[in-house]
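Coordinate analysis (summary)
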Amino acid sequence: MTVTDTGAVLHDCRDAWSRTLVELAQEDPRIVAVVNDSVGSSKLVEFQERFPERTINVGIAEQDMVGVGAGLANGGKIPFVSAAGCFLTARAMEQIKVDAAYSQYNVKLIGQSPGVAYGELGATHHSIEDLAWLRTIPGITVVVPADPAETRQVVRWAARHEGPVYIRIARMGVPDVYPADYEFVPGKAVTLRDGNDLTIAATGTTVSRALAAADVLTTNGVAARVLSIPTIKPLDTEAIAAATRETRGIVTVEEALTSGLGGAVAEAVVQARPVPVRFIGIHDEFAVTGSAEWLLDHYGVNAQGIVDAAFDVLNARP
């Protein structure tokens, strides 16, 4: 937990993920963790200490890691395969496609520190392509929790769900964004703020930034609807269709290439009712090197960038 200069409390969602996995393992002996020499970065030290016989460390061998996870699932276990998102998805894409999705094995893929969380390590460690890649693979659910409460619920849901799942677990500190009574429902967007001028559709770490942008827009007389979209696949196309009918356009926001959530929303828009859409994220380039916060500001993934895109939507010709 971190407290900012403004008094905001920021949480590392990896803490929520790791505590929840320990709780699940206490409840269900089928729960196992498979890692690629990433016990520390996956925050699975306590899990390994409590359940050493259920912690499988394959070393730096991501393709083997997913294959081992698939084999464990085929043997009746519920494997949570955890690694940095950049290596899990890029190095093991064929195994994710074939061993997990095509085979429909009950593998839970945990992409740690996604987006630009490893900012200073450069493009090789950025995981900005994962949402665009994985949403094109049939048979896999793609989820991006926005805060610790949602992270806990998503991990518990994944353990119950039969089938392959990819979950992004944020390293970057985020505030709580959901009310106390929030319940995660796969495939459903959440309206965190209502408005009929335009819609801001955000996912993961960018949800709090969308809410901050909505506050700025309110002071400028603009009522922005804020949709939190935890499930990239399947997408809540009904919520997107409603936004095209009830607001003048949509701004999508993600800590990723804009062909992830943005591409998915654009596909839904053209099938519903075409309206102006603007994309906040990283546009068709390898992200440069810098701290995570600096990178998000550099690419306009902040309140000001969202506000600018919102006014661009509102000023667009019909």
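Structural data are supplied above this passage.
Described in the following lines is the structure provided in the data block. (Residues numbered from 1 in each chain as written. Predicted model: local features only at pLDDT ≥ 70, side-chain atom pairs only at ≥ 80, totals over all residues. Heavy atoms only, no water.)

Concerning the pairing of strand 8 (residues 165-169)
Most of strand 8 sits inside the fold, with five of its five residues counted as buried. Going residue by residue along strand 8, you find Val-165, Ile-167 and Ile-169 tucked away on one face and Tyr-166 and Arg-168 tucked away on the opposite face as well. Since strand 7 (residues 141-143) and strand 8 lie parallel, the crossover through helix 7 (residues 148-160) that links them has a hand, and here it is right-handed. (Buried < 20%, exposed > 50% of the residue type's maximum accessible area, 1.4 Å probe, protein only. Helix = DSSP H or I, 4+ residues; strand = E, 2+ residues; numbered from the N terminus. Right-handed = clockwise from strand over helix to strand, strands pointing away.)

Here's the deal with helix 10 (residues 261-272)
The end-to-end C-alpha distance of helix 10 is 16 Å, a good match for the 16 Å that 12 residues give at a rise of 1.5 Å each. Buried within helix 10 we find Leu-261, Gly-262, Gly-263, Ala-264, Val-265, Ala-268 and Val-269. Of the surrounding secondary structure, the elements contacted by the buried residues of helix 10 are strand 10 (198-202), strand 12 (231-233), helix 9 (237-246), strand 13 (250-257) and strand 14 (277-282). (Expected span 1.5 Å × (residues − 1). Contact = heavy atoms within 4.5 Å.)

A look at the packing of aromatic side chains
As enumerated under the stated definition, the model contains four aromatic pairs in all. Between Trp-157 and Phe-184, the ring centres sit 5.8 Å apart and the planes meet at 70°, which makes this aromatic pair edge-to-face. Residue Trp-157 is located in helix 7, and its partner Phe-184 is located in the loop between strand 8 and strand 9 (190-193); the two are separated by 27 residues in the primary sequence. Under the relative-accessibility criterion, Trp-157 is labelled buried at 11%. For the ring pair Tyr-178 and Tyr-182, a centre distance of 3.9 Å and an interplane angle of 10° mean the geometry is stacked. Of the two residues examined, Tyr-178 and Tyr-182, each falls in the buried class. (Phe/Tyr/Trp six-rings, centres within 6.5 Å; stacked < 30°, edge-to-face > 60°.)

A word on the sheet that holds strand 11 (residues 224-228)
Pairing is mixed across the open sheet formed by five strands, whose spatial order is 9-11-10-13-14. One side of each edge strand has no neighbouring strand; the edge strands of this open sheet are strand 9 and strand 14. Between one strand and the next, the sheet's axes are offset by a mean angle of 25°, whatever the strand orientation. Pairing geometry for strand 10 and strand 13, over four bridges, is parallel. Within strand 13, the residue paired with Ala-202 across the bridge is Val-253. Packing of helix 9 onto the sheet brings it into contact with strand 10, strand 11 and strand 13, and relative to strand 11 it is tilted by some 175°. (Pairing = 2+ DSSP bridges. Axes fitted to C-alpha atoms, helices over the stretch in contact; angles between N-to-C directions.)

Some thoughts on the side chain of Thr-244
By the element assignment, Thr-244 lies in helix 9. The exposure class of Thr-244 is buried, given its relative accessible area of 1%. Discounting chain neighbours no more than four positions away, the residues touching Thr-244 are Ile-250, Val-269, Ala-272, Arg-273 and Val-275.

Quick notes on the environment of Leu-21
Relative to the elements of secondary structure, Leu-21 occurs in helix 1 (residues 13-27). By relative accessible area, which is 0% here, Leu-21 ends up buried. Leu-21 sits 23 residues away from Leu-44 along the chain, and the two C-alpha atoms are 8.7 Å apart.

Remarks on unusual backbone geometry
Residue Pro-234 is bonded to the preceding Lys-233 through a cis peptide linkage, with omega at -5°. In this fold, Pro-234 is placed in the loop between strand 12 and helix 9. In this model, Asp-37 sits at a positive phi of 60°, which is unusual for a non-glycine residue. For Asp-37, a relative accessible area of 52% translates into the label exposed. Positive phi outside glycine occurs at Gln-104, with the angle close to 55°. Taking the relative accessible area as the measure of exposure, Gln-104 reaches 41% and is therefore partly exposed.

Read these as layout, nothing more, since geometry by itself doesn't imply function.
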